[in-house]
Amino acid sequence: MKMKISSFLFFLALFHLLCFSKTHAAVPEFCVGDTSAPETPSGYHCKPTAKVTVDDFIFTGLAAPGNTTNIIKAAVTPAFAAQFPGVNGLGISIARLDLAPHGVVPLHTHSGATELLIVEKGTILAGFISNANAVYYKKLKKGEVMVFPQGLLHFQLNVGRRPALAFASFTSAEPGLQITALALFGNSLPSELVTGTTFLSLQEDYNPNLNK
């Protein structure tokens, strides 16, 4: 009886081992995005392995500073799946953040990812607002890191006298972005509906550049 039980357990273990090995062997190691095709909710379709090259796993766009001569005095250079096909499907991406003095990345959210910010140069005031409306913010200097949980409102502001530089990594190849001010005042909703849902007056939400 013991011999039969031992044999049964042996074959059962062997069966699971073979199934486990087969399942994992079928899982691709990477899925370089085919950016010539439309993006899907789960990312880009995989480029045929025969067409994958080492250049698909390299992105050089973060080496050059972004243009901060704009209204927010800031520039974000993304290395998401659309720009860096090698990260497609890997659940990771990165971006470069350049901030001129007084430059700001206004309140915004990333619905698809948690963000980790590391300051490379300058002094950046960064913070986020929790779902309970608790506010967490602090001045960050070179080498300091701050995390912004997925989906929460957050911002970055250069409070130094010189340009600031930071890099932000994300837990998604396409973290998504929604800027709060644009969502509220740059949409196509009638002004009366905006005031009715935000408790702002028409004078407060009127912007001649957005209401032409």
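Coordinates for the structure precede this section.
Residues numbered from 1 in each chain as written. Predicted model: local features only at pLDDT ≥ 70, side-chain atom pairs only at ≥ 80, totals over all residues. Heavy atoms only, no water.

(A) The arrangement of the packing of aromatic side chains in detail. Applying the stated criterion across every chain yields a total of five aromatic pairs. Residues Phe128 and Phe148 carry aromatic rings whose centres are separated by 6.4 Å and whose planes lie at 85 degrees to one another, so their mutual orientation is edge-to-face. Taken together, the residues span a long stretch of sequence, with Phe128 in strand β5 (residues 124–129) and Phe148 in strand β7 (residues 145–148) at a distance of 20 residues. (Phe/Tyr/Trp six-rings, centres within 6.5 Å; stacked < 30°, edge-to-face > 60°. Helix = DSSP H or I, 4+ residues; strand = E, 2+ residues; numbered from the N terminus.)

(B) Looking closely at the sheet that holds strand β2 (residues 93–99). Strand order across the open sheet formed by five strands is β1-β2-β9-β4-β7, with antiparallel pairing between neighbours. Two strands close off the open sheet at either side, each with one partner strand: β1 (74–79) and β7. Put simply, the sheet's adjacent strands are angled 20 degrees from each other on average, direction ignored. Where β1 and β2 come together, six bridges link them in antiparallel fashion. Paired with Ala79 across the bridge in β2 is Ile94. (Pairing = 2+ DSSP bridges. Axes fitted to C-alpha atoms, helices over the stretch in contact; angles between N-to-C directions.)

(C) How the structure looks around the state of the cysteines. Using the criterion set out here, one finds one disulfide in the structure. Cys31 shares a disulfide with Cys46; S-S distance 1.9 Å. Judged by the sign of its S-S torsion, about -115 degrees, the cystine formed by Cys31 and Cys46 is left-handed. One end of the pair, Cys31, is in the loop between α1 (2–25) and β1; the other, Cys46, is in the loop between α1 and β1, with 15 residues separating them in the sequence. Classification of Cys46 by relative accessible area gives partly exposed; the value is 43%. (Disulfide = S-S within 2.5 Å. Buried < 20%, exposed > 50% of the residue type's maximum accessible area, 1.4 Å probe, protein only.)

(D) Structural context of the sheet that holds strand β8 (residues 153–158). Here we have five strands laid out as an open sheet, ordered β6-β5-β8-β3-β10, and antiparallel in their pairing. Two strands in the sheet have a free side with no partner beyond their single neighbour: β6 (135–140) and β10 (178–179). As paired strands, strand β3 (residues 104–109) and β8 are joined by three bridges and run antiparallel to one another. Among the inter-strand pairings, Val104 is bridged to a residue of β8, identified as Leu157.

(E) Inspection of the nonpolar core at higher detail. With 20 residues, the main nonpolar core has Leu99, Leu117, Ile124 and Ala126 as its most contacted residues. It is strand β9 (residues 164–170) that contributes the most residues to this core, four residues altogether. Once residues within four sequence positions are removed from consideration, Ala126 is found in contact with Leu117, Tyr136, Tyr137, Lys138, Leu140, Met146, Phe148, Phe155 and Gln156. One finds Leu62, Ala79, Val87 and Phe167 within the second-largest nonpolar core, a separate group that totals nine residues. (Core = buried A, V, L, I, M, F, W, Y, C linked by side-chain atoms within 4.5 Å. Contact = heavy atoms within 4.5 Å.)

(F) Spatial organisation of the pairing of β8. As defined by bridge partners, β5 adjoins β8 across six bridges and the pair is classed as antiparallel. Bridged to Ala126 within β8 is Gln156.

(G) Main features of the pattern of salt bridges. What the rule picks out here adds up to two salt bridges. Residues Lys47 and Asp56 are paired through a salt bridge, measuring 3.0 Å at the closest nitrogen-oxygen approach. A relative accessible area of 22% places Lys47 in the partly exposed class. When the shortest N-O distance is used, the salt bridge between Asp98 and Arg96 registers 2.8 Å. Each member of the pair, Asp98 as well as Arg96, is classed as buried. (Salt bridge = Lys/Arg side-chain N within 4 Å of Asp/Glu carboxyl O.)

(H) Layout of the layout of surface pockets. Estimates place the volume of the largest pocket at around 320 Å³. Around the largest pocket, the lining is made up of 21 residues, and of these Val76, Val105, His108, His110 and Leu177 lie nearest the centre. Those elements that place two or more of their residues in the lining of the largest pocket are β1, β2, β3, β4 (115–121) and β9. The element best represented in the lining of the largest pocket is β1, accounting for four residues. The class makeup of the residues in the lining of the largest pocket is 15 nonpolar, four polar and two charged. (1 Å grid on protein atoms, 1.4 Å probe; cavity = no way out; pocket = protein on both sides within 12 Å on 5 of 7 lines; lining within 4 Å. Points joined across faces, edges and corners; volume = space filled by probe spheres on them. Nonpolar A, V, L, I, M, F, W, Y, C, P; charged D, E, K, R; others polar.)

(I) Highlighting a nonpolar patch on the surface. Together, Phe30, Val54, Phe57, Ile58, Leu90 and Ile92 make up an exposed nonpolar region whose accessible area comes to about 540 Å². By the secondary structure assignment, Phe30 is in the loop between α1 and β1. A relative accessible area of 32% places Phe30 in the partly exposed class. (Patch = residues over 30% accessible without salt bridge, like charges linked within 9 Å, V, L, I, M, F, W, Y side chains within 5 Å. Areas by Shrake-Rupley, 256 points an atom, 1.4 Å probe, with all protein chains shown as cover.)

That is the geometry; function is a separate question.
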